[in-house]
Structures are given as structure tokens and as C-alpha cells.
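This is what each chain is made of:
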Amino acid sequence: MRKSLRSFRTMRGGSRLLARRFATSHNSRLSKIFVGNFVVAKNFGYPKFSQGANLQNYNMKYSLEHAKKTYRLWGRHPLWYKFACIITFLGQESKLRKLTVEKLELKHGDTVLDLACGTGLNHKFLEGVVGPDGKIIAFDYSNEMLTAAKQRAKENKWNNIIFVQGDAAQLSLDTKVDGVLSTLGISAIPQHKEALKKAVDALKINKIISILDAQLPSGFWSMFNPLIAYVYKHWASWDYTKNMPEDLRQLISDIKMKQYNGGTIYIIHGTKNAP
Ligand SMILES: C[S@@+](CC[C@H](N)C(=O)[O-])C[C@H]1O[C@@H](n2cnc3c(N)ncnc32)[C@H](O)[C@@H]1O
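Here's a quick rundown of the structure.

Parameters and conventions
- Residues numbered from 1 in each chain as written.
- Predicted model: local features only at pLDDT ≥ 70, side-chain atom pairs only at ≥ 80, totals over all residues.
- Helix = DSSP H or I, 4+ residues; strand = E, 2+ residues; numbered from the N terminus.
- Buried ≥ 20, exposed ≤ 12 C-beta atoms within 10 Å, placed from the backbone.
- Pairing = 2+ DSSP bridges.
- Axes fitted to C-alpha atoms, helices over the stretch in contact; angles between N-to-C directions.
- Contact = placed C-beta atoms within 7 Å.
- Near = placed C-beta within 6 Å.
- Nonpolar A, V, L, I, M, F, W, Y, C, P; charged D, E, K, R; others polar.
- Core = buried A, V, L, I, M, F, W, Y, C linked by C-beta atoms within 7 Å.
- Parallel < 35°, antiparallel > 145°, perpendicular 65-115°, else oblique.
- Left-handed = near helix turned anticlockwise from the far one by under 90°.

Section: unusual backbone geometry
Thinking step 1. Here Ala116, not a glycine, exhibits a phi torsion of approximately 60°, which is positive.
Thinking step 2. By the element assignment, Ala116 lies in the loop between strand 1 (111-115) and helix 7 (123-130).
Thinking step 3. A positive phi angle is found at Lys157, which is not glycine, with a value near 55°.
Thinking step 4. Looking at where Lys157 falls in the secondary structure, it is placed in the loop between helix 8 (143-156) and strand 3 (161-165).
Thinking step 5. Here Lys157 falls in the exposed class, since 8 other C-beta atoms lie within 10 Å of it.

Take a look at the structure:
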């Protein structure tokens, strides 16, 4: 009994020492996350640890090249990407993707744009509403993500998906669409305002754009914000400083927004009116 108590104390002492070493170890980026919010804030441009801060003043400084590199890796490992989605959606992925698609009010035979489609995780839901006579335009910048989406389409015998590689900020389609969908996409697009504008331009009058994206938690869970911001910025090119609802409101005045998963996921949608 005494012996095990002693070894437990030794272990506890050892792990404390390790933790202290880790926390104070020079300039290790990771250690800074745990050392304190202030240091992290300075390093990663994190404004204040509340969402009330004026986020628009902070530049995330990441580029199209960064997005390309990041998604090259995820595209080559679609199963890892799927796992990352399960975590991001806190297990509510299917429900929330389906809900975002439903907001589009699509009919059989419609054409829909999936902007920044990634590995095609929305396509199952889109196929369900547009049917084999409809069309899905799957648009993404990453060749590797598109390759994974093509593979998914092949396995499921979806023959009505048109895959287009390009920068969403330069989007130019030769047809107008009956709906625009983007899930976790806009926050990863460096020039997202241009992309939103181009997406709304591609939409037919009286048709809907539906966007699902993520935001940092507030309240109790906000203590993890530096870590979440760091991980998703570096491994998902995620820019949490974008104010998407406001940016979309500049293009579509009547937008509706609802939050899910304790406010970490939101869906916004709106109808394009005649000018
Ligand atoms: C987090 S993933 C989301 C993928 C998918 N929509 C989903 O819900 O799983 C972000 C996607 O945005 C794409 N992306 C980033 N910048 C882009 C750009 N400028 N134009 C088009 N796609 C872009 C990435 O290649 C990646 O596939």
C-alpha cells in the first residue's frame, strides 16, 4: 500500500515537473497556448476572449496557398477529414448538413452549386433532393479534395455531378443555379467577400443561398478558444474573424440565422430578390 502511494507521488511529481518544463519551454508555439490567453492572443492575433470584440480588425494572414497546402493533406486522407468533421459537428453532422440542404427548397431536376464542396460530404443529401435529373456543380480549389469527391460520386454511381476546380473568388459559371450551398467553406476561402458576391450572382432570382459555418464558443467553453483557433487556423485555414452573416446581409437583405451545438455552428440562408 505504502509502496504504491510512494510511486503514485513520484509519478505526480514527475508529471508536474514535465508540465512546468513544457509550459516554460522557450518559444514553443504549443506551450504558449497553455501558458496563457494573453500570449496566445499576441501570437495569433486573437482579439479578446469573447465574441463581442470587434473581430473585423484582426487579420488572419493566411492565403490561397495555405488553403491549398492544408486541403492537399485532407484530400489525400478523406477518412481523417471525415473524422475531423465528426469532431467539428460534435456528432451532429448528418442532421446539420441535411438541414442546410433543406433550407434551399430544391426540387427534382434543379441545378445546385456546392461551393467549396471538399470531399463531397453534402452530395448524398443534395442527390436526395435534385434526383438523377438534377445537377450538382461541385466547386473547390483543392484538386485533392475534388479527387476524393469524384471517388465518392463513382462509388455511389452519382453521374450528375460536374466537378470544377478554381478559386471561389473568381467563380464564373455559364449557367444560373437554383440554389447555392456552402458548408464550412466560406470561412476557409481567403477572399470570402468576393466569393459570396460571385455565388449570389450565380443564383437565379427568387432562389436561396444556404451557408453553414462554425464560430468560436462563448461562455464556459471560450477558455478553449485559443486552442480551437490555433488548431483550426493551421489545419483548416479557418478564419474565425469573418462576420459572415453581416457580409451576406450586404448582398441579401433578408437573411435568417440559427445557431446549433451551443452556438458553435450556425446556418444562414436568404433569398435573392429581383434588383
Ligand atoms: C473545411 S473544408 C469544407 C468542405 C466541405 N464543404 C464540407 O462541408 O466538408 C473547406 C474547403 O474549402 C476549400 N477552399 C478553400 N479556399 C477556397 C477557394 N478560394 N475557392 C474554392 N474552394 C476553396 C478547400 O479546398 C476545402 O475543400
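Focus on the sheet that holds strand 5 (residues 203-214)
Thinking step 1. Strand order in the open sheet formed by seven strands is 3-2-1-4-5-7-6, with mixed pairing between adjacent strands. Both edges of this open sheet fall to strand 3 and strand 6 (255-260), since each of them pairs with a single strand only. Geometrically, the sheet is characterised by an average inter-axis angle of 15° between neighbouring strands, direction not taken into account.
Thinking step 2. As judged from the three bridges shared by strand 1 and strand 4 (residues 177-183), these two strands associate in the parallel manner. Paired with Val112 across the two strands is Gly179, which belongs to strand 4.
Thinking step 3. Relative to strand 4, helix 6 (residues 93-102) is tilted by about 155°, and along the sheet it contacts strand 4, strand 5, strand 6 and strand 7 (265-271).
Thinking step 4. Strand contacts of helix 8: strand 2 (135-140) and strand 3, with the helix running at about 170° to strand 3, the strand carrying the most contacts.

Regarding the site of the ligand
Thinking step 1. Within the structure, the ligand sits among 22 residues, and Ala116, Gly118, Ser142, Ala168 and Thr183 are positioned closest to it.
Thinking step 2. Among the elements that line the shell around the ligand, the one with the most residues is helix 4 (residues 64-76), at three residues.
Thinking step 3. Split by residue class, the shell around the ligand holds 16 nonpolar, four polar and two charged.

Some points on the nonpolar core
Thinking step 1. Counting residues in hydrophobic clusters, the biggest one holds 53 residues, and the most contacted among them are Val112, Leu113, Leu115, Phe139, Val180 and Ala199.
Thinking step 2. With six residues, the single largest contributor to this core is strand 5.
Thinking step 3. The contact partners of Phe139, leaving out residues within four places of it in the chain, are Leu113, Asp114, Leu115, Ala116, Cys117, Val164, Gly166, Ala168 and Leu171.

Considerations on the packing of helix 4 against helix 8
Thinking step 1. Running from amino to carboxyl end, helix 4 crosses helix 8 at an angle of 25°, the nearest separation of the two axes being 7 Å. When the axis of helix 4 is compared with that of helix 8, the two are roughly parallel. Considering how the two elements wind past one another, helix 4 and helix 8 form a crossing that is left-handed. In contact with Tyr71, Arg72, Trp74, Gly75 and Arg76 of helix 4, helix 8 contributes Glu144, Met145, Thr147 and Ala148.
Thinking step 2. Across the contact of helix 4 with helix 8, the residue classes tally to four nonpolar, two polar and three charged.

Re the packing of helix 6 against helix 7
Thinking step 1. Packing of helix 6 against helix 7 leaves a shortest axis separation of 9 Å and a crossing angle of 40°. With respect to the hand of their crossing, helix 6 and helix 7 are arranged in right-handed fashion. Contact with helix 6, carried on its side by Arg97, Lys98 and Val101, involves Phe125, Leu126 and Val129 of helix 7 and no other residues of that element.
Thinking step 2. Across the contact of helix 6 with helix 7, the residue classes tally to four nonpolar, no polar and two charged.

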